[in-house]
Amino acid sequence: FTVPQPKGLNTDDSEILVQDGQAVEEQNTVTDDGAGLTGRKGFTRFSTQAASNQWVFAHSNGTRYFISQSSNQIKATTGQNNFTIFIGTVDPNVTTVATQLGNKWYFANRTDGLKYWDIVSVTFSTGLYVNQLVTHKGRLWASGRTDDPRTIYVSENLNGDNWSLAVNPTEASPARIQVQGSFDEPLSILYASYEDFLMWFKGHSF
């Protein structure tokens, strides 16, 4: 039987109207290489390890770490080999979230609390057991505590280790934001930053 020849990109028609052998979009593949598709040069698969989470940590020393969670282990690589840099372990039965603030990579979940990795070791930061964590305007923002699901916790400016409310707060002090609404719903998502705004989502509002 004849093998359909690739006919290149079709960016004019709807996806349901393209002819056999045409591609609606083409990013990491070459469609005009003989009778099939091949990978575009420059894209290399360097690990077959399964991952449930992936992050990027760009250190100020110029090293860019690609971080992956596989089961209960978090490991990193600089892209030159497999995930050989062991960071730590987490509870695989809960959602682990992570973000970067300065030269620290913070990660947290509802079992292990908030920790950070500074490319040398992992340090327990605080007992903030959350499932949402983002960086926005020089601070860490967290939510999702089981016992306080509608509060957004805000760290000290440029210091992700201080979350304690001050007696005489300044503009840089930690803060907490109580999210109200007609429905008694927990926060489901924190997103930073859309047009320089931090956005929060609940089941019926954002």
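Residues numbered from 1 in each chain as written. Predicted model: local features only at pLDDT ≥ 70, side-chain atom pairs only at ≥ 80, totals over all residues. Heavy atoms only, no water.

Draft legend 1. Representation of the packing of aromatic side chains. Counted under the stated rule, the structure contains eight aromatic pairs. With a centroid separation of 5.6 Å and an interplanar angle of 45°, the aromatic rings of F66 and F83 are classed as tilted. Residue F66 is found in strand 4 (residues 64-70), and its partner F83 is found in the loop between strand 5 (73-77) and strand 6 (85-89); the two are separated by 17 residues along the sequence. Note on F83: relative accessible area 8%, which makes it buried. Judged by centre distance (5.6 Å) and plane angle (25°), the ring pair of F201 and F206 falls under stacked. The class of F201 is partly exposed, set by a relative accessible area of 26%. A relative accessible area of 64% means that F206 is categorised as exposed. Above the face of the Y116 ring, K104 is positioned so that its terminal group lies 4.1 Å from the ring centre. (Phe/Tyr/Trp six-rings, centres within 6.5 Å; stacked < 30°, edge-to-face > 60°. Helix = DSSP H or I, 4+ residues; strand = E, 2+ residues; numbered from the N terminus. Buried < 20%, exposed > 50% of the residue type's maximum accessible area, 1.4 Å probe, protein only. Lys NZ or Arg CZ within 6 Å of the ring centre and 35° of its normal.)

Draft legend 2. Inspection of the sheet that holds strand 12 (residues 139-143) at higher detail. Spatially, the four strands line up as an open sheet ordered 11-12-13-14, and their pairing is antiparallel. Looking at strand neighbours, the two that pair on one side only are strand 11 (132-136) and strand 14 (175-178), the edges of this open sheet. Pairwise comparison of adjacent strand axes, ignoring direction, gives a mean angle of 20° for this sheet. Bridge count for strand 11 against strand 12 is five bridges, and the pairing is antiparallel. Looking across to strand 12, one finds that V134 is bridged to W141. (Pairing = 2+ DSSP bridges. Axes fitted to C-alpha atoms, helices over the stretch in contact; angles between N-to-C directions.)

Draft legend 3. Examining the side chain of T77 more closely. As for its placement among the helices and strands, T77 is situated in strand 5. Relative accessible area serves as the criterion here: at 0%, T77 is assigned to the buried category. A polar side-chain atom of T77 sits 3.4 Å from the main-chain carbonyl oxygen of N82. (Polar contact = N/O pair within 3.5 Å; in protein donor to acceptor, adjacent residues only side chain to side chain.)

Draft legend 4. Seen up close, the pairing of strand 12. Counting buried positions along strand 12 yields five of five residues, so the element is predominantly enclosed. Here strand 12 shows no split at all, with R139, W141 and S143 on one side and L140 and A142 on the other all buried. The antiparallel hairpin formed by strand 11 and strand 12 contains two residues in its connecting segment, where K137 sits at a positive phi of about 55°. For strand 12 and strand 13 (residues 151-154), the ladder comprises two bridges, and the chain directions are antiparallel. Note that in strand 13 the partner of W141 across the bridge is V154.

Draft legend 5. Summary view of the sheet that holds strand 9 (residues 113-117). Strand order in this open sheet of four strands is 7-8-9-10, and the pairing throughout is antiparallel. The open sheet has two free edges, formed respectively by strand 7 (97-101) and strand 10 (122-126), since each of these has just one partner strand. For this sheet the average axis-to-axis angle between neighbouring strands, irrespective of direction, equals 30°. Where strand 8 (residues 104-109) and strand 9 come together, five bridges link them in antiparallel fashion. Residue F107 lies in a different strand from strand 9, and its bridge partner there is K115.

Draft legend 6. The pattern of salt bridges, seen in detail. If you walk through the whole model with that rule in mind, you get four salt bridges. Note that R150 and D184 form a salt bridge whose closest N and O atoms lie 3.0 Å from each other. Taken together, the positions of R150 in the loop between strand 12 and strand 13 and D184 in the loop between strand 14 and strand 15 (189-194) put the pair 34 residues apart, joining distant regions of the chain. According to the relative accessible area criterion, R150 is partly exposed, its value standing at 23%. The class for D184 is exposed, based on a relative accessible area of 67%. (Salt bridge = Lys/Arg side-chain N within 4 Å of Asp/Glu carboxyl O.)

Draft legend 7. Expanded view of the environment of D112. Among the structural elements, D112 can be located in the loop between strand 8 and strand 9. Along the primary structure D112 and V94 are separated by 18 residues, whereas in three dimensions their C-alpha atoms are 9.7 Å apart. Every residue in contact with D112, bar those within four places of it in the chain, is listed here: T89, V90, D91, F124 and Y129. Engagement of the side chain of D112 in a polar contact is seen with the backbone nitrogen of D91, the distance being 2.9 Å. (Contact = heavy atoms within 4.5 Å.)

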